[in-house]
Every structure is written in structure tokens, then in C-alpha cells.
Protein chains: 2
Amino acid sequence: MSLILTFLGKGGTGRTTIAIAAAKKLSSLGQRVLLVGQDPGPAFGLLLGVATSPDPQEIGANLKVVQLHSTLLLERAWEEVKNLEAQYLRSPTLKNVFGQELGILPGMDTALALNAIREYDKSGHYDVIIYDGSGDQATLRMLGMPEVLSWYIRRFRKVVEDSDVWKSLSPFVQPVTSAVLNVSWTGESFAKEPTQQANTILEQGTAAIADPNRVAAYLVTSGDTAALATAKYLWGSSQQVGLTVGGVLLNQIPATEPLAAEFAPLGISALPKLSSGDEWEPLIDALPDFKQATQVPRPITIDTSTRQVQLFLPSFDKKQVKLTQYGPEVTIEAGDQRRNIVLPPQLRGQSVKGAKFQNNYLTISF
Amino acid sequence: MSLILTFLGKGGTGRTTIAIAAAKKLSSLGQRVLLVGQDPGPAFGLLLGVATSPDPQEIGANLKVVQLHSTLLLERAWEEVKNLEAQYLRSPTLKNVFGQELGILPGMDTALALNAIREYDKSGHYDVIIYDGSGDQATLRMLGMPEVLSWYIRRFRKVVEDSDVWKSLSPFVQPVTSAVLNVSWTGESFAKEPTQQANTILEQGTAAIADPNRVAAYLVTSGDTAALATAKYLWGSSQQVGLTVGGVLLNQIPATEPLAAEFAPLGISALPKLSSGDEWEPLIDALPDFKQATQVPRPITIDTSTRQVQLFLPSFDKKQVKLTQYGPEVTIEAGDQRRNIVLPPQLRGQSVKGAKFQNNYLTISF
């Protein structure tokens, strides 16, 4: 299992440079590091000073780098989909569609990236994976995807099973599936087995992202007002996808008392400018210990004995946080993120008795 | 019909500031302008100097601004989906799922934004819509979506209709649909009518994006090597989604001969720094005429008499451009974008006779 690190912050604050410095630092300490670049453009390779490739290549001791290419990842994913279909269907039909034809739709880049990171993690080849993504809302959507997608599957399977179309068709589905499928299924739902496999992957992903020993983000900011405000906003928004933010990296600004207070209880680290002529040492030396993410408040804590759920929501004020219970679950809305809280059996299906927002924490009582 | 403008370039090159300046300029010339901010964070409002809202609000003569909120847009879109379902199904089932529960998956932000822009355009309230998006690959995926999604629908409808599952189930579908649907359909495909409506919207979108009188992008760059390389890369990648790039805005660097040569035949404009104290005039005065997008090479031209298709693919070299004909259409791959070319009836289904890449143009002969 790898530690997965990523950097969040406004564009132009030096996230990629810092990701490279972190990769150099951790690999020099003997950790096997993979640096993953999301954007397919030339900036990543230029900052790195090497010609990158779409598969991991060694660029130093313990240090590999990969620049993701969505078209290639989609081709490979498509082959897996076709193999899966061939496992289940007697006469596969997807074989006539070629991976080389498939265009990229919005969201595919980060979904494919998350899957690639999952596979790099599973490979056991890396102690640390550093993901250089867009560092904004899109990165949070990516890391929130396992939890959100699980919810959609959970909620809409029930809707489909309750629907008239399904009820009218399902008597025919059982005989039809046994005619066209390689495998025989028992039970209500036609699609139960493949969705169960998907659910396991999604649950493992959700659990990994919620564990700061597995996944952590660090904020990057310059002294610019908009950059500072963006870093704070991303700090709060990260909690909403269950992601722990471990600390703040101040790019070319001093670590002052007011800044420390602004981001407390996170640690702040002042980083120097990368000096020209590839002098990485001063920047590398100023980087913090990335293990500090395990010491900060968790996005969510559930206490079944007091029947309370506590959400850490820094940077938001009371009126920016919305708690609702429309559906079967409790929904928290903040920072243009919506989170449906999966409750333990003791609290599941219970009504909210009270909620209070104080000192960056939303406390919900059941 | 509005002119839709957007700005592409590396993060931190000043795209949002330039988008605001463009909005101020065009509204002062009497055009009714809507400035649309994609990122829900605080930077947009800070740079603009106003508290923004998720619906258009007037901030000056002829000038409205909106900061998109995906959670809200998804709620509204969900209501429309429910209405559509209620039109077709005798007993709707989606009514039990509330828009306020729905989380945001990767890709939804830009898909919802594109739909919002479509509606603002259709409203007739705006002469110009300026979209301040992420300005990178994600913006190109958004603008490429109508064409790519049309392809998926076209290609996979056939796959579904040819599949064993569909062939075995379809005898039951006709009686079942007439039992559960409000409307009666004839013809093979169960889903033909709603997909036809979707296709019309997608085709109109594709046509609008391909027309520089309707949609145009401008590149923004600083003097930084990585920013310049990113701008060039985005210029080429834009062609692959059918988007015309109208010119280059040089943020705080002089317009030199080498730069003009680098981006020829595009015009380059040197922009001054935004002076402190909200002195927008010098920046506004330095902006080019955004109509110049109609004067540059189109991403694609098809000549049925010579049986040739010409693609303008600046910034790529020969080995970065891949032409394949796996499926029923011709596929061009470059810049991590894949484009399936819709050919006119005279060339449809024909084999490629030859292809040559010269002076930024890929010429394909049939």
C-alpha cells in the first residue's frame, strides 16, 4: 500500500514544482516514489526537465514518473470492459467497438486517473504516489467519486427495482439472461453480481481516501489574496469528500503568526523560490514531514455511544453549511460539495434530533 | 444568439482578470454581456470586487455576472429529468429521489455549465457570454462534449440493437412499453424519441462550437516558458474539439517578432499589468477586437469536389498526429484528444486513400 499525496491550490502557485520537490525528497530518503502528472500538456515535462511518457519510467534512484494520457488509459479500460463482457455474455457485442475510436467525455480524465492510481497502488511497487492534478475542485471531485458513486448505485438500484418498467420486464429477464449469459444468477437483480464487484472497489477507495495514512492533501498558496482565499476554501471543501488536509505550504512568503492562526490547527511551512540552475536543495529542505496529516482533525468522526456525528468543516461559516434529510440518508452541503453520510447500523434510518455549528465543527445528534 | 468567448492558458497567467476586462470592455461598447465563472471558490468574486451569486445579477450597465454552483444546477436539471419522466411514464419512479441529495461526480461541473450556457444563450438576453472556466483540457472536454457524446450515442445504439440481450428482450419490450408508457411508439428502438431530442441539442451544440461567429477562444500566456508551451499546446488541442482560437493575449510581456512568428497566423496583443486601485482602463484598451476569430483558419474544412478533408493542427508535429479508420468513421488523435470525423454523404463510408501532414495541416484524401 502506498501513501498518496496531492497538492491543492490556485493555479500558478507552484503546485507542480512542489510536487516534483516532494518526489525528489522522498525518493532520496529511500522511499520508492511514483510522480503522476494529470495534465497532458508540455508544462509537466518542462518543469521536470525530462521527456515524460505515458507509462512509469525511472528518472532517478527510487523515482519514477508518468504523465497520464487519457486516450491510452481509455483504450486499456475498454479492453477490460470487453473482457468482462466476454466473461458474462455468450456472444459479446462490444468487440466491434475499438478502444482507438473512443473520444474523451468530461470527467473521464480524472476517473481514469483515479483508476490508474488505484492500480499503481495495488502493484506494490511504490511507497509513495504523488499526484499532480489540477489541484482544484476537479481533484476533489475525483477523490470524492468512490463515495458519491456508491451512493448513486445504492439509491438508484432501489429506484430501478421499484419502477414499473422493471417490474413489467423482470419476469422476462430471468429466462432471457439464462439464454444469453455464460453464468447463472439467482436472486432478484439482474445486475447484482457485477455491481457487487464494483461496490467492493468503491468501498475500498472510499476507505483509503478517508485514511490519512493512505491519502493526504497539502495546500499550496502564494501571498496573493485570491490564492490565500482559494487555499482556505479548498481546505473546507476537502473535508466534504472525506479527504484529510495535512498542512499548508507557503510559496515564497514568510510563515507569520496571522497566517498560522488563519490555518490553525494545520502546520504552515515557508518555502523558498526554486533557484535557477536546478538548485532543488533549499526547496526540498524546507518541505515538511508529510506524515503530519495523521495528526490533524479527521473530516468525520462518529460516536455511537453519544449518538453524535462530528464533521470538521473549517473555512465555512454557519450559513454556508446546509444539513438536510430528504432521502434515507443525511446530506451535508458546503462548498458546492454534497455529502451523503453513511451511518453505522446503530444510527441508520434515525432522524436528526439536533445540529450545531461551532468552532469549525458541525455536530449532529441522533 | 450570443457570441461565447473563453480564455485558455496555464493557471496563474491572468485568465480571470482578462475575462473580467473583456466583459467590462464589451459592455461599455453597448453589448449586453454575461460573465460566467465556473470555479465555485472565492477567487472569482475577489478579482471582480463583488459578492457573486449563482444566478445572473447586474453589476454595471449591460453587465451581468453569475458564479455557477453545480449543486444548484444539478437540482434544477434533476427537476427537468423528473418532468421528462412524468411525460413518458404512467407511474413515475424518480419522484422519490430529491435533487437536494444528489452528489457531484467528475465531469458534472462542466456538463452542467455547458447546459447553463446553452440556456443563457437561448434566452436572448445576452449579446456576449464570457465563460471563465479552468482554461485547460477540462474546458476543451466541455466544448468537445456535444460532438463526442453524439458519437457515443450513434455508435452504441447500433451495438445495443445488435446485442443478444436486446434481441432476446425486444419482443417483450413493445407490449411492456405500451403498458407503462403514456405515449405509444412505433419502430424498432424503445428509446428513439428521447434520444432524437437529445441528438438535436447535441447537433446544435456541435454546430455552434464549430462557428467562430458563435464560439471562440483566446490564448493567454505570460513570458514563462511553461506558460508559453501550454498556450501553444492548447491552441492545437482546441482544433481537435472543433473550437476556433482567435488570437493570443500576452500578459505583461511585449509582442515581439519571434512570438508573432510562433503563433502565426494568429494576432498577438500585449497586455499591461492591472494597476492597483482598480484602474482597468489601460488593460481594457489593450484588448483586441474579439471578432478576429472569424479571420483565422477553421479547425476543419471538407471539400467534396476534390474529396479532401483538411484539419488545421498547429503546434503538433507529424508523429504526434495519428489517423485511424478502425470503426465506420475516420478518427484523428492528437493532444490527448480523439475526434471522429462526421463526413458528408459523398465521402461517408469511403476508405482513406492518402494523408499528409504539412505546414500545420493534415490533408486526408478519399
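Residues numbered from 1 in each chain as written. Chains lettered and ligands numbered in written order. Predicted model: local features only at pLDDT ≥ 70, side-chain atom pairs only at ≥ 80, totals over all residues. Heavy atoms only, no water.

- Under an unreviewed UniProt entry, chain A has the name Oxyanion-translocating ATPase and belongs to Allocoleopsis franciscana PCC 7113.
- Its UniProt record gives chain A the following Sequence similarities (unreviewed entry) comment, quoted word for word: "Belongs to the arsA ATPase family." (UniProt positions renumbered as here; feature names shortened; annotations may be inferred.)

## Details of the sheet that holds strand β10 (residues 308-312) of chain A
Residue and element names in this part refer to chain A.
Right, so step 1: The strand order across the open sheet built from four strands is β9-β10-β15-β14, with neighbouring strands paired in antiparallel fashion. A strand with exactly one partner marks an edge of an open sheet, and here the two such strands are β9 (300-303) and β14 (354-358). On average, adjacent strands in this sheet sit at an angle of 15 degrees to one another, irrespective of strand direction. (Pairing = 2+ DSSP bridges. Helix = DSSP H or I, 4+ residues; strand = E, 2+ residues; numbered from the N terminus. Axes fitted to C-alpha atoms, helices over the stretch in contact; angles between N-to-C directions.)

## Observations regarding helix α6 (residues 164-180) of chain A
Owing to its 3.6 residues per turn, the α-helix brings residues three or four apart onto one side.
Residue and element names in this part refer to chain A.
Right, so step 1: Relative to the 24 Å expected for 17 residues at 1.5 Å per residue, α6 spans 24 Å between its end C-alpha atoms, a close match to the ideal helical length.
Right, so step 2: The largest bend along α6 reaches roughly 50 degrees and is located at S170, with the proline P171 sitting one to four residues downstream.
Right, so step 3: Of the residues making up α6, those classed as buried are V165, W166, L169, V173, V176, T177 and V180.
Right, so step 4: At the N-terminal boundary of α6, the capping side chain belongs to S163, with an oxygen 3.1 Å from the backbone nitrogen of W166. (Expected span 1.5 Å × (residues − 1). Bend = angle between axes of the 7 residues up to and from the residue. Buried < 20%, exposed > 50% of the residue type's maximum accessible area, 1.4 Å probe, protein only. Polar contact = N/O pair within 3.5 Å; in protein donor to acceptor, adjacent residues only side chain to side chain.)

## Some points on the packing of helix α5 (residues 137-162) of chain B against helix α6 (residues 164-180) of chain B
Residue and element names in this part refer to chain B.
Right, so step 1: Running from N to C, α5 and α6 cross one another at 65 degrees; their axes reach a closest spacing of 5 Å. Considering their axes alone, α5 and α6 lie roughly perpendicular with respect to each other. On α6, the residues touching V160, E161 and D162 of α5 are D164, W166 and K167.
Right, so step 2: Split by residue class, the contact of α5 with α6 holds two nonpolar, no polar and four charged. (Parallel < 35°, antiparallel > 145°, perpendicular 65-115°, else oblique. Contact = heavy atoms within 4.5 Å. Nonpolar A, V, L, I, M, F, W, Y, C, P; charged D, E, K, R; others polar.)

## Points about the domain arrangement of chain A
All names here are of chain A.
Right, so step 1: Entries for chain A in the domain assignment read domain 1 (3-73 + 101-149 + 203-295) and domain 2 (300-365).
Right, so step 2: Its C-alpha centre places domain 1 at a distance of 28 Å from the equivalent point of domain 2.
Right, so step 3: Counting residues at the interface gives 14 residues for domain 1, matched by 14 residues for domain 2.
Right, so step 4: Summed over both partners, the interface of domain 1 with domain 2 buries about 1200 Å², with 49% contributed by carbon and sulfur atoms.
Right, so step 5: Viewed at the interface, domain 2 and domain 1 are joined by two salt bridges.
Right, so step 6: R141 is the salt-bridge partner of D336, the closest N and O atoms lying 3.6 Å from each other.
Right, so step 7: Linking domain 1 to domain 2 there are 10 residue pairs in polar contact (both at pLDDT 80 or more).
Right, so step 8: In terms of residue count, helix α8 (residues 225-239) provides more of the side of domain 1 that touches domain 2 than any other element does, six residues in total.
Right, so step 9: Across the side of domain 1 that touches domain 2, the residue classes tally to five nonpolar, six polar and three charged. (Domains from an automatic or database assignment. Buried area = accessible area lost by both parts, 1.4 Å probe. Salt bridge = Lys/Arg side-chain N within 4 Å of Asp/Glu carboxyl O.)

## Describing a negative patch on the surface
Residues and elements named next belong to chain A.
Right, so step 1: Taken together, the side chains of D278, E279, E281 and D285 define an acidic patch exposed on the protein surface.
Right, so step 2: Looking at the secondary structure, you find D278 in the loop between β8 (267-271) and α10 (281-286).
Right, so step 3: Judged by its relative accessible area of 55%, D278 is exposed. (Patch = residues over 30% accessible without salt bridge, like charges linked within 9 Å, V, L, I, M, F, W, Y side chains within 5 Å. Areas by Shrake-Rupley, 256 points an atom, 1.4 Å probe, with all protein chains shown as cover. Lys, Arg positive; Asp, Glu negative; His and termini not counted. Charge placed at Lys NZ, Arg CZ, Asp CG, Glu CD.)

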